[in-house]
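# Geometric and topological summary
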Amino acid sequence: MRELTNFVFFKNADVAGASGIAYNSGGDALGVQVSGTFTGLSLEVQGRVDVADETNNNFVTLSVLDMTTFDVGGEITKAGVYEVPVETQKQVRLVIKSIASGSVQVFGRFVNTAG
């Protein structure tokens, strides 16, 4: 596995909203670590292939693999480590859909799992 890019998506976020955009420079997976003191979190990982469209309207929700339970879903609701396939995605962002209380930190790392 070769590490490509690190990105802080959220640091002490306590309201709904979108993160900055992370640019994928050849990674086939995105590792995501979620931590904090939050309750009631709904977090989506979104990606897009068409970087020419700057309207931010063509992001789609990506599937997320919980690396503890190996469950696959469309949202993150608890602290943990996750993996997201992003081989064809050129841009990725995370979106806090809701957070009831507390704050969340989200760190990501693009990797090339083939070496």
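Structural data are supplied above this passage.
Since the model is a prediction, treat every value here as computed from it, not as a measurement.

Check the secondary structure of the protein and you find zero helices and eleven strands. Beginning at the N terminus, the succession of helices and strands in the protein can be written as β-β-β-β-β-β-β-β-β-β-β. Looking at the protein as a whole, 39% of its 115 residues qualify as buried. Within the protein, counting contacts between residues at least 6 apart in sequence, those at least 24 apart form 75% of the total. Carbon and sulfur atoms form 50% of the exposed surface of the protein, whose accessible area is close to 6000 Å². Across the protein, the 8 positively charged side chains and the 12 negatively charged ones have centroids separated by 5 Å.

Let us look at the environment of Gln 89. Here Gln 89 shows up in the loop between β9 (80-85) and β10 (91-98). Between the C-alpha atoms of Gln 89 and Asn 24, which are 65 residues apart in sequence, the distance is 7.0 Å. Polar contacts involving the side chain of Gln 89 include one to the main-chain amide nitrogen of Arg 48, which spans 2.9 Å.

Once that is clear, we can look at the packing of aromatic side chains. Taken as a whole and assessed by the stated rule, the structure comprises one aromatic pair. The ring of Phe 59 has Arg 93 sitting right over it, with the charged end atom 4.1 Å from the ring centre.

On the surface, Met 67, Phe 70 and Val 81 cluster together into a nonpolar patch covering about 280 Å² of accessible area. Take Val 81: it is sitting in strand β9.

Take unusual backbone geometry next. The backbone of Asn 12 shows a phi angle near 60°, a positive value even though the residue is not glycine. The topology assignment puts Asn 12 in strand β1 (residues 2-13). For Phe 70, which is not glycine, the phi torsion reads 65° and is therefore positive. Among the structural elements, Phe 70 can be located in the loop between β7 (64-66) and β8 (72-73).

The rules behind the values
Residues numbered from 1 in each chain as written. Predicted model: local features only at pLDDT ≥ 70, side-chain atom pairs only at ≥ 80, totals over all residues. Heavy atoms only, no water. Helix = DSSP H or I, 4+ residues; strand = E, 2+ residues; numbered from the N terminus. Buried < 20%, exposed > 50% of the residue type's maximum accessible area, 1.4 Å probe, protein only. Contact = heavy atoms within 4.5 Å. Areas by Shrake-Rupley, 256 points an atom, 1.4 Å probe, with all protein chains shown as cover. Lys, Arg positive; Asp, Glu negative; His and termini not counted. Charge placed at Lys NZ, Arg CZ, Asp CG, Glu CD. Polar contact = N/O pair within 3.5 Å; in protein donor to acceptor, adjacent residues only side chain to side chain. Phe/Tyr/Trp six-rings, centres within 6.5 Å; stacked < 30°, edge-to-face > 60°. Lys NZ or Arg CZ within 6 Å of the ring centre and 35° of its normal. Patch = residues over 30% accessible without salt bridge, like charges linked within 9 Å, V, L, I, M, F, W, Y side chains within 5 Å. Salt bridge = Lys/Arg side-chain N within 4 Å of Asp/Glu carboxyl O.

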